[in-house]
Amino acid sequence: LRIATNNELAVLQETLPQAVNALAPGGRIAMISFHSLEDRIVKQFFKGEKRIRIITKKPIVARVEEVTQNPAARSAKLRIAEKL
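Residues numbered from 1 in each chain as written. Predicted model: local features only at pLDDT ≥ 70, side-chain atom pairs only at ≥ 80, totals over all residues. Heavy atoms only, no water.

Colleague: Please explain the overall build of the protein chain as it appears in this structure.
Modeller: Per the secondary structure count, the protein chain includes four helices and four strands. Along the chain direction, N to C, the helices and strands of the protein chain fall in the order α-α-β-α-β-β-α-β. Counting only C-alpha atoms, the protein chain reaches 40 × 30 × 20 Å along its principal axes. Residue burial in the protein chain is summarised as follows: out of 84 residues, 30% are buried. Counted over contacts in the protein chain with a minimum sequence separation of 6, partners at least 24 positions apart contribute 71%. A total accessible area of about 5900 Å² is found for the protein chain, and carbon and sulfur atoms account for 57% of it. Within the protein chain, the 8 negative side-chain charges are centred at a point lying 7 Å from the centre of the 15 positive side-chain charges. (Helix = DSSP H or I, 4+ residues; strand = E, 2+ residues; numbered from the N terminus. Buried < 20%, exposed > 50% of the residue type's maximum accessible area, 1.4 Å probe, protein only. Contact = heavy atoms within 4.5 Å. Areas by Shrake-Rupley, 256 points an atom, 1.4 Å probe, with all protein chains shown as cover. Lys, Arg positive; Asp, Glu negative; His and termini not counted. Charge placed at Lys NZ, Arg CZ, Asp CG, Glu CD.)

Next up, the structure:
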């Protein structure tokens, strides 16, 4: 409900290209997503964007120890790319 009310997925799609535009060559963008819909948008954007090189082929996820201490971390996925 929150995602739809705040139009979060559309905002994410609009913001990703702007973030890459703001990067200098060699600059990196790191995106943490907490929902599969968000992660899919980031993954597809990174794969389709010709101006960046993907650093993390698979998302970085929290280890068991971190999830034990911070249960909210279980859904977090980190993806990193570098502007060419």
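Colleague: What exactly am I supposed to notice about unusual backbone geometry here?
Modeller: For residues other than glycine, phi is negative in most cases, and the peptide bonds are mostly trans. In the Ramachandran plot, Asn 7 falls in the positive-phi region, its phi being about 55° despite a non-glycine side chain. Within the fold, Asn 7 resides in the loop between helix H1 (2-5) and helix H2 (8-22). Note on Asn 7: relative accessible area 45%, which makes it partly exposed.

Colleague: What exactly am I supposed to notice about the pattern of salt bridges here?
Modeller: Side-chain pairs of opposite charge can arise where the charged atoms are in close proximity. One pass over the full model with this rule turns up five salt bridges. Residue Arg 2 pairs with Glu 8 through a salt bridge whose shortest N-O separation is 2.9 Å. Notably, a salt bridge pairs Glu 82 with Arg 53, separated by 2.8 Å at the nearest N-O pair. Taken together, the residues span a long stretch of sequence, with Glu 82 in strand E4 (residues 77-83) and Arg 53 in strand E2 (residues 52-54) at a distance of 29 residues. What makes Glu 82 buried here is its relative accessible area of 16%. Through salt bridges with shared partners, one network takes in Arg 28, Arg 53 and Glu 82. (Salt bridge = Lys/Arg side-chain N within 4 Å of Asp/Glu carboxyl O.)

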